[in-house]
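# Structural features, examined
Residues per chain are reported as follows:
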Amino acid sequence: NAGVMQNPRHLVRRRGQEARLRCSPMKGHSHVYWYRQLPEEGLKFMVYLQKENIIDESGMPKERFSAEFPKEGPSILRIQQVVRGDSAAYFCASTRDRDDYGYTFGSGTRLTVV
Amino acid sequence: KQEVTQIPAALSVPEGENLVLNCSFTDSAIYNLQWFRQDPGKGLTSLLLIQSSQREQTSGRLNASLDKSSGRSTLYIAASQPGDSATYLCAVSGNTPLVFGKGTRLSVIA
């Protein structure tokens, strides 16, 4: 039973390019959460999705960032026109239900913008 | 707005010592509290989950307690080992998705 799978593990983008981060939740989990960890900072909530629905995007920057969780396939966090300040570790977590017995996190994607 | 605070920010202890990490949260209306471990450059490993109706959970040398009414949790590590060196994160879930503290960076010196 594979855990939460994130890819790629490391991603390097030049300023102005697009970054696409993928997250496959644990089997049987239909709720996905994205978090960002900036260097020397805590983990900050970005967005919460269920299949085909964005439930809470209160932590998403207003511009350049978007997320989806289609009916088939992984959840995608998309960052357009990346800037150096987007360099961070992006973690995905999944739960079975909204009030689940704990979050399971993936290993993260480390984005470096050069 | 839920806020989670962890004290101390960093801790260095000799091997074999028992230690306590503290976590406090401002909104007591939580579903559960989770303690995680994060090694440098790695992901998060869940250590213990305490549901809001529970007072404590134990796993091996780890024991976590929860006092929901006072908004506090402690993580007790017995007989610390160098392999316990990592950052320990406390997080609570409630009306909002999981909210994290900034963590306690633990170093266990051999």
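Here is a short report on the structure shown in this document.

Rules and cut-offs
Residues numbered from 1 in each chain as written. Chains lettered and ligands numbered in written order. Predicted model: local features only at pLDDT ≥ 70, side-chain atom pairs only at ≥ 80, totals over all residues. Heavy atoms only, no water. Helix = DSSP H or I, 4+ residues; strand = E, 2+ residues; numbered from the N terminus. Rg over C-alpha atoms; globule rule 2.2 N^0.38 Å. Buried < 20%, exposed > 50% of the residue type's maximum accessible area, 1.4 Å probe, protein only. Contact = heavy atoms within 4.5 Å. Lys, Arg positive; Asp, Glu negative; His and termini not counted. Charge placed at Lys NZ, Arg CZ, Asp CG, Glu CD. Areas by Shrake-Rupley, 256 points an atom, 1.4 Å probe, with all protein chains shown as cover.

## Points about the overall build of chain A
If you tally the helices and strands in chain A, you get zero helices and 11 strands. Along chain A, helices and strands appear, N-terminal first, in the series β-β-β-β-β-β-β-β-β-β-β. Relative to the globule expectation of 13 Å for 114 residues, the C-alpha radius of gyration of chain A, 13 Å, shows essentially globular dimensions. Taken along the three principal axes of its C-alpha coordinates, chain A extends 40 × 25 × 25 Å. In chain A, buried positions account for 46% of the 114 residues. For chain A, restricting intrachain contacts to residue pairs at least 6 apart in sequence, the fraction spanning at least 24 positions comes to 53%. Mean positive and mean negative side-chain charge positions of chain A (18 and 13 charges, respectively) differ by 8 Å.

## Observations concerning the overall build of chain B
From N to C terminus, chain B includes zero helices and 11 strands. Across chain B, helices and strands are ordered from the amino to the carboxyl terminus as β-β-β-β-β-β-β-β-β-β-β. Rg of the C-alpha trace for chain B: 13 Å, near the compact-globule value of 13 Å for 110 residues, within the 12% margin. Projected onto its principal axes, the C-alpha positions of chain B cover 40 × 25 × 20 Å. Put simply, chain B has 110 residues, and 45% of those count as buried. Across chain B, the fraction of contacts at a sequence separation of at least 24, relative to all contacts at a separation of at least 6, is 54%. Counting every atom, chain B has about 5,200 Å² of accessible surface; 48% of that belongs to carbon and sulfur.

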